[in-house]
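Chains, contacts and geometry: an overview
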Amino acid sequence: MAEKTAVVPEPVKLGAVSGSGAASKGKLVDNKTISAVVSSTLERAALVVEDLSKPVYRRYFAADPDAAALMAHMDDLTRGRMLNEVLRLLMEWDPVSDSAYLNFEVRNHQYAYRVESRMYRELLVALRDVVAQLLGDAFEPDRVAWESRIAGLLAEIEARAG
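Below: a short report on this structure. Since the model is a prediction, treat every value here as computed from it, not as a measurement.

Side note on unusual backbone geometry
For Arg114, which is not glycine, the phi dihedral falls at a positive 60°. Summarising the element assignment, Arg114 is placed in the loop between α5 (99-113) and α6 (117-135).

As for the layout of surface pockets
Any empty space left between the atoms is revealed when a probe the size of a water molecule rolls over them. Of the pockets and cavities examined, the largest pocket occupies roughly 580 Å³. Every residue lining the largest pocket is counted, 26 residues in all, and those nearest its centre are Met82, Glu105, His109, Tyr120 and Leu123. Residue contributions to the lining of the largest pocket peak at 7 residues, all from α5. Along the lines of polarity and charge, the residues of the lining of the largest pocket split into 20 nonpolar, 4 polar and 2 charged.

Overview of the pattern of salt bridges
Inspection of the entire model under this criterion finds 13 salt bridges. One salt bridge connects Asp66 with Arg118, and the closest N-O pair in it is separated by 2.9 Å. A residue pair is termed long-range when its members are at least 10 positions apart, and Asp66 in helix α3 (residues 65-70) and Arg118 in helix α6 qualify at 52 residues. Residue Asp66 is classed as partly exposed on the basis of its relative accessible area of 46%. Judged by its relative accessible area of 28%, Arg118 is partly exposed. For the salt bridge of Glu147 with Arg128, the shortest nitrogen-to-oxygen distance reads 2.8 Å. Of the two residues, Glu147 is situated in helix α7 (residues 143-161) and Arg128 in helix α6; the sequence distance between them amounts to 19 residues. In this structure Glu147 comes out as partly exposed when scored by relative accessible area, which is 32%. Overall, Arg128 belongs to the buried group, its relative accessible area being 13%. One network of salt bridges, with partners in common, ties together Asp64, Asp66, Glu116, Arg118 and Glu122.

How each quantity is defined
Residues numbered from 1 in each chain as written. Predicted model: local features only at pLDDT ≥ 70, side-chain atom pairs only at ≥ 80, totals over all residues. Heavy atoms only, no water. Helix = DSSP H or I, 4+ residues; strand = E, 2+ residues; numbered from the N terminus. 1 Å grid on protein atoms, 1.4 Å probe; cavity = no way out; pocket = protein on both sides within 12 Å on 5 of 7 lines; lining within 4 Å. Points joined across faces, edges and corners; volume = space filled by probe spheres on them. Nonpolar A, V, L, I, M, F, W, Y, C, P; charged D, E, K, R; others polar. Salt bridge = Lys/Arg side-chain N within 4 Å of Asp/Glu carboxyl O. Buried < 20%, exposed > 50% of the residue type's maximum accessible area, 1.4 Å probe, protein only.

So this is what it looks like as structure tokens:
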């Protein structure tokens, strides 16, 4: 893993959501704001480590040996492509436009590869934890956005995994 030395920029500041005071209470209700925060966090992590896939999969497989066994036949390129899709969903999640994609992917992975719903949670948590470790205290202001996005994605995945 090629580590870089970099100055980590400040996180995106969360503005109040039209008078609701939600941002000041630690709640994010605006999908675009969540996307901006998650994207900014990932950009800052990319300044610290060039390739997130190796540390993410290392943490994921340590937490879930079943997933490691399931993905043992996959090469780094395939794993990288899968992680890129996860990153896209985290940065640009749109429940309407991504609905058909998730319908196909969740069902395909469930029936063709025996992927269990918990494996998605463990992958997303591994990614979040790697990014948090890379950024240290600079991650904390973005944690609410990450938790919100992960919870939203997992709810959608669970609804499809039936």
